[in-house]
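Remarks on the overall topology
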Amino acid sequence: MEHIRQFDWCYSEPDRYFVNEEDLDNCVTEKILRNQFHNPMASSDSEDEKPTFDWDKIFSRDETSDKQHRTFVPGLRGLPPFPKLSALTHQQHYQCLKVLCAQSPHILVQEFVPRPTKQDYKVFEEVQAIYAKEQKEFIEWAKSLWTTGHCIRALRPKPPVESAYEAEYQTRAKGLESFPKNYQMAAQIPLESNNEKFEMMFEKELISVDISVLPQIKSPEPIRSRLSIMSPIAVPEPCTKHPCRFVLPNESTTTILPLTEVHRELAQYALENGAQFIASEKALKCLMEVDRYWTVCLSVCEAFTLDGEKRNVLVLGNEFFLMRECAQMRTYRAFRHLLQYAFVPDLEKSKLFYKNNKRPERKNYLSSRVNEEEDREVSSDDEDSLFIVADTQPNGNSDTDPMETDEVKSLDEEVSKQTKVDPVSSPVKGVNGNKNKNKDKNDFYKCTCEDTLFERPPPRSFRKWRLRNITSQENYDVVVHCAHKVKGEVGEVILEPIPEYQLDLGASQLSKEKMRSLALSLYLRKNASLMNIRIEGPSGDVVRCDTVNLDDLVKSDGDMLPAISNVVGTTLNQLQGLLPGHYLLQHEPSHGTNALLYSSRLSDGGERLTLDFGCKQLPEADEAKSLKAPPILAPILLPAHKFRKILPCAFTPNETQVAKETRRPANKQKAPPQALTWPKKRGKKSKRKN
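On a predicted model such as this, the values are computed, not experimentally measured, just so you know.

**So, the overall build of the protein**
- Within the protein one finds 23 helices and 16 strands.
- Considering the protein as a whole, with its 690 residues, one finds that 43% of them fall into the buried category.
- A separation threshold of at least 6 residues defines the contact pool for the protein, and within that pool the share at least 24 residues apart is 79%.
- Working note: accessible area of the protein is about 41,100 Å², and carbon and sulfur atoms make up 51% of it.

Here it is as structure tokens:
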């Protein structure tokens, strides 16, 4: 064992504190410093190759590196000037906040909040009385802030908002050109009745829409970065060839008929399916919203049964604007248009043309008349003499039959398409010198929506409903047509924007009338869901998205179908029996649950109404009145509440966040002005010295 003891088991090579030249040649550090490092996997024999890595960019400090690690909070604004401390402690705020976060788990998922315990639920129930009292104080304080300074946020919407609203205004005004221009008030129509009860039941589906052809939107939740819908997009233009962006139920292309003839075709279709009324979804939604201004066009048209008998059918058209609305309503309508394109991914944008959903075209009265005219042999002299005489009267009615006028228009367009020849080399157009006349005529009937997103409107479904009067046992059959625009992962989705102007305080609450209108849209569709999107009004940033179906809406707000049936049934009951003609149904918030019916049959006396779609702005008094009404806040959880650990519609529990009262400086007593003294005469001084 002696040789084992003599062996130095702790021997180690001496440490080297300096680097030799050979080590530097074999080291990569020097090449990195010289920025001459090359990829060893690349097959190259030369050492002087270009560097594949930009080390200056890699080692440089990224200015956005700090922002990437910071949590993005949608709608986070500066702290409001809280007037006082909350009645709840900081611990109670946090315990109640855990309960609210569990109810809305999709809100700011980046910020971790633990699950509520039984003690948290117990505290949440105990402080409900104190919390409800503080909510009332907070909402009243928010109203005072709106009248003092927050109302300015609703003024002057951004250019994308104004352009989208202007396009919608001009398009609807173009569609009403065929309607009479002068009206007289005929009656006051009640929209609700307490003495009668109605029941609304689904009867039959006449025309269905294939939901698979609709563009599928992508849900923005969870929101991890800034998402704004305020982007320049295409807007529709008024089209002379297609004044009404509507596809008739018996056709597969956008109709070229004016609105009056569209109402006649819809009345005939309703009578063929055994209904006395036909209404659009937008018209029925207006009947629910009695807290705002709206005007709906309606017509009573004569239709023929299979036996040749005449029947009157009431047609409820779409809503239109007599003048430009207030800034808040303009923002809402523009957001509704912008939302349709903001959430559609690039792969689905081709479906926005809605060209895949085509119904088989059936031969109707108009198409048969046009085909008969096309079969006739027309000489060249007759082709040159084709022209249209537009003779309109002051009340908007014409002596000629509008059906025949439209047939001549369509025939003229077909002839012009078939005889497209160079105007210089054409002997026919050169003889009479009608070059400028033909050019103006073709420009007048030129289609501005061809090869655009608005060439074909969204597909429409037609469903038959029955309204039964429980009191008098009377039935009303009505056909309702709805437009279907986008779909989600499960089914159709209805996008509803909610502009927010007080995000630093909380979220606004939807009115009872608006909830009825949204519930009606869900009742009229099959397997549809509603997506409420809260958007900051001035900037267009998306703050929160909530998707609910009809069952969830009934659980939270109750069954609204009886109230909807009462409004629709009462209105149709009051409007039946009208003489054939065109009417307007107008409502203002001051009317309560009533609306004014204006008729195109003029007589002596009575209030008059004129359709004038010029550049008419809302009167300043009405604009100021709309701004004076503050939005009512609701205890809805926003990402800012979760980030700051403060309950919605509650004051802050932190003393440092309470606004300090600005004390006026004490009034200092100013010294009285110095007494006026007369300067002494120098002569007297000299005498005293002498």
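**Remarks on the sheet that holds strand 13 (residues 581–587)**
- As summarised here, the arrangement of the 10 strands in space is 2-6-7-3-5-4-13-14-1-15, forming an open sheet in which the pairing is mixed. Each edge of the open sheet carries a strand with a single partner, namely strand 2 (198–207) and strand 15 (608–610). Direction aside, neighbouring strands of the sheet carry axes that sit 30° apart on average.
- Here strand 1 (residues 182–190) pairs with strand 15 via three bridges, running antiparallel. What sits directly across from N182, in strand 15, is T610.
- Relative to the sheet, helix 20 (residues 561–575) contacts strand 1, strand 2, strand 3 (277–280), strand 4 (294–304), strand 5 (310–320), strand 6 (460–469), strand 7 (474–483) and strand 14 (594–599), its axis offset from that of strand 2 by approximately 80°.

**Points about the nonpolar core**
- With 46 residues, the main nonpolar core has L298 and L316 as its most contacted residues.
- Counting residues per element, this core draws most heavily on helix 18 (residues 512–523), at six residues.
- Listed in part, the 36 residues of the second largest apolar core include A173, Y183, L271 and L611.

**Points about the confidence of the model for the protein**
- Taken residue by residue, the protein gives an average pLDDT of 81. The fraction at 70 or more is 74%.
- Within the protein, no element has a lower average pLDDT than helix 16 (residues 427–432), which sits at 36, and none a higher one than strand 3, at 97.
- Counting contacts from residues 64–69, a segment whose pLDDT is below 50, to residues more than four positions away or on other chains yields two contacts.
- Low pLDDT, under 50, characterises residues 360–437; the stretch is placed with 66 contacts to residues that sit more than four places away or in other chains.

**Things to note about the sheet that holds strand 9 (residues 492–500)**
- Reading across the sheet, the four strands line up as 8-9-11-12 and stay open at both edges, with mixed pairing between neighbours. Because the sheet does not close on itself, it has two edges, and the strands there are strand 8 (486–487) and strand 12 (542–549).
- Lying on the sheet, helix 18 is in contact with strand 9, strand 11 (528–536) and strand 12; it crosses strand 11 at an angle near 140°.
- Helix 19 (residues 550–557) contacts strand 11 and strand 12 of the sheet and is inclined by roughly 100° relative to strand 12.

**Quick notes on helix 12 (residues 327–342)**
- Between its terminal C-alpha atoms helix 12 stretches 22 Å, which fits the 22 Å expected from 16 residues at 1.5 Å a residue.
- The buried fraction of helix 12 is high, at 14 of 16 residues.

**Let's talk about the pattern of salt bridges**
- Counted by the stated rule, this structure contains 32 salt bridges.
- K349 is the salt-bridge partner of D346, the closest N and O atoms lying 3.4 Å from each other.
- Take D346: its relative accessible area is 65%, and that puts it in the exposed class.
- What makes K349 partly exposed here is its relative accessible area of 36%.
- Among the salt bridges present, the one from E500 reaches R534, with a minimum N-O distance of 2.6 Å.

**Let's talk about the environment of A342**
- With respect to the secondary-structure elements, A342 resides in helix 12.
- Along the backbone, A342 and P220 are 122 residues apart, and their C-alpha atoms lie at a distance of 9.9 Å.

**Describing helix 11 (residues 281–288)**
- Of all the eight residues making up helix 11, seven are buried; the element is thus mostly covered by neighbouring parts of the structure.
- Among the residues making up helix 11, those that are buried are E281, A283, L284, K285, C286, L287 and M288.

**Considering the side chain of S86**
- Along the chain, the position of S86 falls in the loop between helix 5 (65–68) and helix 6 (90–103).
- Take S86: its relative accessible area is 12%, and that puts it in the buried class.
- Within the local environment of S86, its side chain forms a polar contact with the side chain of E134, the two groups lying 2.8 Å apart.
- Excluding its chain neighbours within four sequence positions, the residues that come into contact with S86 are H93, E134, F651, T652 and P653.

**Examining the packing of helix 11 against helix 20**
- Taken N-terminus to C-terminus, the directions of helix 11 and helix 20 make an angle of 105°; their axes are 10 Å apart at the nearest point. In terms of orientation, helix 11 and helix 20 fall into the roughly perpendicular class. Contact residues: helix 11 offers L284, L287 and M288, while helix 20 offers I564, V567, V568 and T571.
- Grouping the constituent residues of the contact of helix 11 with helix 20 by class yields six nonpolar, one polar and no charged.

**Section: the environment of E325**
- Tracing the chain through its elements places E325 in the loop between strand 5 and helix 12.
- Here E325 falls in the buried class, since its relative accessible area comes to 13%.
- Distance from E325 to Y293, taken between C-alpha atoms, is 8.9 Å for residues 32 residues apart in sequence.

**Structural notes on the packing of helix 11 against helix 18**
- Look at helix 11 against helix 18: their axes get within 8 Å of each other, and the N-to-C directions meet at 155°. In terms of axis orientation, helix 11 runs roughly antiparallel to helix 18. Crossing handedness for the pair helix 11 and helix 18: right-handed. Counting all contacts with helix 11, which are made through E281, L284, K285 and M288, the residues of helix 18 involved are E513, R516, S517, L518, L520 and S521.
- Split by residue class, the contact of helix 11 with helix 18 holds four nonpolar, two polar and four charged.

About the cut-offs
- Residues numbered from 1 in each chain as written.
- Predicted model: local features only at pLDDT ≥ 70, side-chain atom pairs only at ≥ 80, totals over all residues.
- Heavy atoms only, no water.
- Helix = DSSP H or I, 4+ residues; strand = E, 2+ residues; numbered from the N terminus.
- Buried < 20%, exposed > 50% of the residue type's maximum accessible area, 1.4 Å probe, protein only.
- Contact = heavy atoms within 4.5 Å.
- Areas by Shrake-Rupley, 256 points an atom, 1.4 Å probe, with all protein chains shown as cover.
- Pairing = 2+ DSSP bridges.
- Axes fitted to C-alpha atoms, helices over the stretch in contact; angles between N-to-C directions.
- Core = buried A, V, L, I, M, F, W, Y, C linked by side-chain atoms within 4.5 Å.
- pLDDT = per-residue confidence, 0-100.
- Expected span 1.5 Å × (residues − 1).
- Salt bridge = Lys/Arg side-chain N within 4 Å of Asp/Glu carboxyl O.
- Polar contact = N/O pair within 3.5 Å; in protein donor to acceptor, adjacent residues only side chain to side chain.
- Parallel < 35°, antiparallel > 145°, perpendicular 65-115°, else oblique.
- Nonpolar A, V, L, I, M, F, W, Y, C, P; charged D, E, K, R; others polar.
- Left-handed = near helix turned anticlockwise from the far one by under 90°.

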